Amino acid sequence: MNDAAAETVTRRQPGTIKLHGPEAFEGMRKAGRLTAEALDMIAGLVKPGVTTDAIDRAAFEFAMDHGAYPATLYYRGYPRSCCTSINEVVCHGIPNEKPLKEGDIVNIDVTLIVDGWHGDSSRMYAVGEIKPFAMRLLAITHESLERGIAAARPGATTGHIGEAIQRYAESERCSVVRDFCGHGLGRLFHDEPNILHYGRAGEGVELRPGMFFTIEPMINLGRPQVKIKNDGWTAVTRDRSLSAQFEHTIGITETGCEVFTRSPKGLDFPSRPSAPLT
Ligand code: MF3
Ligand code: CO
Ligand code: CO
């Protein structure tokens, strides 16, 4: 296909993506902050012997106590207030009565609706002491998200974000999951645009001030392929390799982006190693 045709394919329908104003930014700041505070609260709960059901109940109570609603609860039939994805689970793990055990890595993904606005964020938590290769995956996944955020600014495309993430993760000999992506959000939970965590600068849609979306790379130690378990939700790596994910909700500003879901306590990477990894 020629360049003009490629342009119409790669920059299609930018008009359908909502551009939000100052009041919407204010709404997203509140929703994002409360979501971050829920994940901060959860940092104090994650330890060996605790069930993911107990964490889920705490997330529900936190929402109720703060005038929020957990967006995942009854969303398309999903039964819980958060997702808890352990070890080889890529995403959408359903909280249950099984206790966490020493050495597990778990992603906890919370989406809170505050005054109609959605804050969507997830972090990886270490359960007790974890193996160096597991900690390395968490550090690479967290850095992948930060590189994606750093690429998000007006004039760049969604492809710039994907390329920044893919380049870095693959340079560290990890793989990027293709089956799930980040998403526009605001008054809706999942909206345009799709934010792929791989690709090339210039692909996708051009970023403009007022766009709201998540970046939520899923990075595997092994191969990128996933399969869905019989519960219809739980996505696991086909090769059973470890998988990790971090997620933030951001808004494009005139000069770059604003991250709505930063931890007020500096716990965006709660088990961040204190010494550099070797
Ligand atoms: N919070 C997830 C996301 O980042 C979506 C979970 S949908 C559910 O988009 F139904 F699985 F909970
Ligand atoms: Co999301
Ligand atoms: Co999420």
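Sequence order sets the numbering: in each chain, residues are counted from 1 along the sequence as written. Key to labels: chains lettered from A, ligands numbered from 1, both in the order written. A pLDDT threshold of at least 70 governs which residues receive local features in this predicted model, and a stricter bar of 80 or more applies before side-chain atom pairs are shown or counted, although totals over entire chains, interfaces and linings include all residues. Note that water and hydrogens are dropped before the side-chain values are worked out from all heavy atoms of the structure.

Student: Tell me about the pattern of salt bridges, residues and numbers included.
Tutor: If charged atoms from side chains of opposite charge come close, those side chains can pair. One speaks of a salt bridge when a side-chain nitrogen belonging to Lys or Arg is within 4 Å of a carboxyl oxygen belonging to Asp or Glu. Going through the model one piece at a time under the given rule, you end up with 14 salt bridges. Its salt-bridge partner being Arg29, residue Glu258 comes within 2.6 Å of it at the nearest N-O pair. With Glu258 in strand S15 (residues 257–259) and Arg29 in helix H2 (residues 22–43), this pair connects stretches of sequence that are 229 residues apart. Judged by relative accessible area, Glu258 falls into the partly exposed class, the value being 21%. A salt bridge links Lys101 to Asp104, with the shortest nitrogen-to-oxygen separation between them at 3.0 Å. Residues participating in the shared-partner salt-bridge network are Glu26, Arg29 and Glu258. By the criteria applied, helices consist of DSSP H or I runs no shorter than four residues and strands consist of E runs no shorter than two, each listed in order from the N terminus. Burial here depends on accessible area, computed with a 1.4 Å probe over protein chains only, as a share of the maximum for the residue type. Under 20% is buried, over 50% is exposed, and the range in between is partly exposed.

Student: Break down the sheet that holds strand S12 (residues 235–237) for me, citing the residues and quoting the values.
Tutor: Note: two strands are recorded as paired if DSSP finds a minimum of 2 bridges between them. In spatial order, the strands read S3-S12-S11; together these three strands make up an open sheet with antiparallel pairing. Of all strands in the sheet, those bounded by a partner on one side alone are strand S3 (89–91) and strand S11 (226–228). Taking the axes of each pair of neighbouring strands and ignoring which way they run, one obtains an average angle of 40 degrees across the sheet. Note: S11 against S12, three bridges, orientation antiparallel. Bridge assignment links Ile228 to a residue of S12, and that residue is Ala235. Helix axes are fitted only over the stretch in contact, all axes being lines through C-alpha atoms; the angle between N-to-C directions runs from 0 to 180 degrees.

Student: Provide a residue-level description of the nonpolar core, including the pertinent values.
Tutor: Counting residues in hydrophobic clusters, the biggest one holds 37 residues, and the most contacted among them are Ile105, Ile161, Leu207, Phe213, Ile215 and Ile250. Examining the composition of this core, we find that eight residues originate from one element, helix H4 (residues 132–150), more than from any other. For Ile215, the residues in contact, after removing those within four places along its chain, are Leu145, Gly148, Ile149, Ile161, Ile165, Ile195, His197, Phe246, Glu247, His248 and Ile250. Met28, Ala68, Leu185 and Phe260 belong to the second-largest nonpolar core, a separate cluster that totals 28 residues. Nonpolar core, defined: a set of buried Ala, Val, Leu, Ile, Met, Phe, Trp, Tyr and Cys residues in which side-chain atoms within 4.5 Å join the residues together. Whether two residues are in contact is decided by their heavy atoms, any of which lying within 4.5 Å being enough.

Student: Give a description of the site of ligand 1 that names residues and reports values.
Tutor: Residues are classed as near a molecule or strand on a simple rule: at least one heavy atom within 4 Å of it. Neighbouring residues of ligand 1: 14 residues in total, closest Thr72, His183, His190, Glu216 and Glu247. Under the rule applied, a polar contact is a pair of N or O atoms within 3.5 Å (in protein, one hydrogen donor and one hydrogen acceptor; residues adjacent in sequence only if both atoms are side-chain atoms). The separation between an oxygen atom of ligand 1 and a polar side-chain atom of His183 is 3.0 Å. Interatomic distance of 2.8 Å between a side-chain N/O atom of His190 and an oxygen atom of ligand 1. Surface accessibility follows the Shrake-Rupley procedure with a 1.4 Å probe radius. Residue values consider only the protein chains on display as shielding. Here ligand 1 has 340 Å² of accessible area as a free molecule, and 96% of this is covered by the chains.

Student: I'd like to hear about the side chain of Asn107, residue by residue, with values.
Tutor: Of note, Asn107 is situated in strand S4 (residues 105–114). Judged by its relative accessible area of 3%, Asn107 falls in the buried class.

Student: Which residues make up the sheet that holds strand S10 (residues 218–220), and what values do they have?
Tutor: The strand order S6-S10-S13 describes an open sheet built from three strands, whose pairing is antiparallel. If you trace the sheet from one side to the other, it starts and ends with strand S6 (175–176) and strand S13 (243–245), each paired once. Bridging between S6 and S10 involves two bridges; their strand directions are antiparallel. If you follow Ser175 over to S10, its bridge partner there is Asn220. Packing against the sheet, H4 makes contact with S10 and S13, and its axis sits at approximately 35 degrees to S13.

Student: Can you lay out helix H3 (residues 52–65) for me, pointing to particular residues and giving the numbers?
Tutor: Each helix should span, by expectation, one fewer than its residue count multiplied by 1.5 Å. For H3, built from 14 residues, the straight-helix expectation of 20 Å at 1.5 Å per residue is met to within 8% by its first-to-last C-alpha distance of 20 Å. If you check which residues of H3 are buried, you get Thr52, Asp53, Ile55, Asp56, Ala58, Ala59, Phe62 and Ala63. In this structure, the buried residues of H3 make contact with H2, strand S1 (69–70), strand S2 (83–86) and S4. Positioned one or two residues after H3, Gly67 has a phi angle of 65 degrees, which is positive.

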